Amino acid sequence: MFICGYHFPASLGNKISHEQVIERVTAEVGDLSDVSYAILISENRDGIKQEDLKVEKGSFLFTALADYYKKSDIEGEYKMIYYTNKYQMSEISKAVDGGATADVCKKLDDMLLYRVKVA
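Our next topic: the packing of aromatic side chains. Considering all chains together, one arrives at one aromatic pair under this definition. Measuring from ring centre to ring centre gives 6.2 Å for Y83 and Y87, while their planes differ by 20°; the resulting arrangement is stacked. With Y83 and Y87 both in helix α3 (residues 83–96) and four residues apart, this pair spans about one turn of that helix. In this structure, R24 packs its charged tip against the face of F8, placed 5.6 Å from the ring centre.

Next up, the structure:
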């Protein structure tokens, strides 16, 4: 099974805990001391920008977006996030980040397209 871009053994089935995913993402992303912000830009299907969403530093969502951005082979300053990734990041963040990312996660449940920039 793939969660947040990482493979987990099939023997775990659907019983992969949020803690296992958080541990894996945190270990793989490494040091984030040089990352000061993560911004999500929402777009409709015609590519028209809807809004900018700032993600709280120190949250799982921030870590997951930084990891996604660093590992993405998508060209450009802003990198498109695919639906599966945004839903998985959002679900885990809702469970562990509480109010820090609640508003952003609620928006990630929509059908808009999102691009991320991390710097």
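In this section: the sheet that holds strand β4 (residues 49–54). On the basis of which strands lie adjacent, the open sheet formed by four strands has the order β4-β3-β6-β5 and antiparallel pairing. Edge positions in the sheet fall to β4 and β5 (79–81), since each of these pairs with one other strand and no more. When strand polarity is set aside, the average angle formed by the axes of neighbouring strands in this sheet is 30°. Here strand β3 (residues 38–43) pairs with β4 via five bridges, running antiparallel. Residue pairing in the sheet places I41 in a bridge with D52 of β4.

As a further point, take unusual backbone geometry. A positive phi angle is found at C4, which is not glycine, with a value near 50°. Along the chain, C4 falls in the loop between β1 (2–3) and β2 (6–7).

As a further point, take the pattern of salt bridges. Counting across every chain of the model gives nine salt bridges. Note that D67 is salt-bridged to K71, the shortest N-O span being 2.6 Å. Placement of both D67 and K71 in helix α2 (residues 60–71) is noted, with a separation of four residues, approximately one turn of the helix. With its nearest N and O atoms 2.5 Å apart, the salt bridge here joins K94 to D109. Of this pair, K94 sits in helix α3 while D109 is found in the loop between α4 (102–108) and β6 (113–118), placing the two residues 15 residues apart along the sequence. A relative accessible area of 35% means that K94 is categorised as partly exposed. The exposure class of D109 is partly exposed, given its relative accessible area of 36%. Three or more residues joined by partner-sharing salt bridges are found here, namely E91, K94 and D109.

For α2, which comprises 12 residues, the first-to-last C-alpha distance of 16 Å matches the rise-based estimate of 16 Å (1.5 Å per residue) to within 8%. Among the 12 residues of α2, 10 are classified as buried, and the element is accordingly described as predominantly covered. For α2, the full list of buried residues reads F60, L61, F62, T63, A64, L65, A66, D67, Y68 and Y69.

Below, the discussion takes up the state of the cysteines. Taken as a whole and judged by the stated rule, the model has zero disulfides. Here C4 is not disulfide-linked; the sulfur of C105 is the nearest cysteine sulfur, at 11 Å. Residue C4 is classed as buried on the basis of its relative accessible area, which comes to 8%.

The rules behind these values
- Sequence order as written defines the numbering, with residues in each chain counted from 1.
- Reporting in this predicted model follows two pLDDT cut-offs: at least 70 for local features of residues, and 80 or more for side-chain atom pairs to be given and counted; totals over whole chains, interfaces and linings ignore these cut-offs and use all residues.
- The side-chain quantities take in all heavy atoms of the structure and omit both hydrogens and water.
- Any two of the Phe, Tyr and Trp rings considered here, Trp counted by its six-membered ring, make a pair once their centres fall within 6.5 Å; the pair's planes then place it as stacked at under 30 degrees, edge-to-face at over 60, or tilted in between.
- Helix and strand definitions follow DSSP, with helices as H or I runs of at least four residues and strands as E runs of at least two, each counted in order from the N terminus.
- Here, a charge over a ring is recorded when the distance from Lys NZ or Arg CZ to the ring centre is within 6 Å and its angle to the ring normal is within 35 degrees.
- Any two strands between which DSSP finds at least two bridges are classified as paired.
- Only the contacting stretch of a helix is used when fitting its axis, a line to C-alpha atoms as for every element, and angles between N-to-C directions run 0 to 180 degrees.
- Think of a salt bridge as a Lys or Arg side-chain nitrogen and an Asp or Glu carboxyl oxygen that are within 4 Å of each other.
- To sort residues, take the accessible area from a 1.4 Å probe on protein chains only and compare it with the maximum for the residue type: under 20% means buried, over 50% means exposed, and anything in between is partly exposed.
- A helix is expected to reach a length of 1.5 Å times the quantity of its residues less one.
- When the sulfur atoms of two cysteines come within 2.5 Å, that pair is taken as a disulfide.

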